[in-house]
Amino acid sequence: MDAERISIAETCLHAAHDGSLSFPEIVGKLIAANFEGYTVDYRRNSQTDYLPDGDSVTMDMQPSVGNVAAVFDAAEVERLVRWAQANPADYSYVAFSEKAKAAGCAGYLVSFLGRRVVYFGRTAETHVEHFPK
């Protein structure tokens, strides 16, 4: 993968953690750079961004507090997504990640092509969120 795309992916990852870009802004930048999606793995503290040709870049994420709970609480994950979408003053991606792990979310797959995010637990239970229209 070329250095420019790697830089864009890294910038977006850091912007999520420091709050300098919103999820829609991050998605826009990644789509403009021809990424088709990414996966966040809370157990490895990593994010992998994918190009259509099969190329990818995996980056370390700053670890969030806590472990991934054994039981996946889809209703709580959905509530957390609504919290993130509302973007209130107390929202941050770091807090979202900590709360998602406590709700048993082991990670999520963002598909720009499918316009959805699939959140998954340790037992492969899932919750699917479609991008807002």
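Everything discussed here concerns the structure shown above.
In this text the structure is predicted, and so the values were computed from the model without any measurement.

**Looking at the environment of Ala69**
Inspection of the secondary structure puts Ala69 in the loop between strand E3 (56-60) and helix H3 (74-86). Taking the relative accessible area as the measure of exposure, Ala69 reaches 23% and is therefore partly exposed. The spatial distance from the C-alpha of Ala69 to the C-alpha of Glu129 is 20 Å, given a sequence separation of 60 residues. If we ignore the near neighbours within four places in the chain, the residues touching Ala69 are Lys101, Ala102, Gly104 and Arg122.

**Some words on the packing of H3 against helix H4 (residues 93-102)**
One can describe the packing of H3 onto H4 by two numbers: an axis separation of 10 Å at closest approach and a directional angle of 170 degrees. Judged by the angle between their axes, H3 and H4 are roughly antiparallel. On H4, the residues that touch Leu80, Val81, Trp83 and Ala84 of H3 are Ala95, Phe96, Lys99 and Ala100.

**Quick notes on the pairing of strand E4 (residues 105-111)**
In terms of burial, E4 is a largely internal element, five of the seven residues being buried. In this sheet, E4 lies alongside strand E1 (residues 37-41) in antiparallel orientation, the contact comprising five bridges. Within E4, the residue paired with Asp41 across the bridge is Gly107. Two strands pair when backbone bridges link them, and E4 and strand E5 (residues 116-121) are joined in this way by six bridges, in the antiparallel orientation. Along E5, the bridge assignment pairs Gly107 with Phe120.

**Regarding the pattern of salt bridges**
Across all of its chains, the model carries four salt bridges by this definition. Asp2 serves as the salt-bridge partner of Arg5, at 3.2 Å between the closest nitrogen and oxygen. Via salt bridges that share partners, Glu78, Arg82 and Glu129 belong to a single interconnected network.

**Topic: H4**
Within the span of H4, buried status applies to Tyr93, Ala95, Phe96, Ser97, Ala100 and Lys101. Among the structural elements, helix H1 (3-18), E1, H3, E4 and E5 are those in contact with the buried residues of H4. In the stretch just after H4, Gly104 is the one whose phi turns positive, near 85 degrees.

What counts and how
- Residues numbered from 1 in each chain as written.
- Predicted model: local features only at pLDDT ≥ 70, side-chain atom pairs only at ≥ 80, totals over all residues.
- Heavy atoms only, no water.
- Helix = DSSP H or I, 4+ residues; strand = E, 2+ residues; numbered from the N terminus.
- Buried < 20%, exposed > 50% of the residue type's maximum accessible area, 1.4 Å probe, protein only.
- Contact = heavy atoms within 4.5 Å.
- Axes fitted to C-alpha atoms, helices over the stretch in contact; angles between N-to-C directions.
- Parallel < 35°, antiparallel > 145°, perpendicular 65-115°, else oblique.
- Pairing = 2+ DSSP bridges.
- Salt bridge = Lys/Arg side-chain N within 4 Å of Asp/Glu carboxyl O.

Remember, this is a structural readout, not a statement about activity or role.
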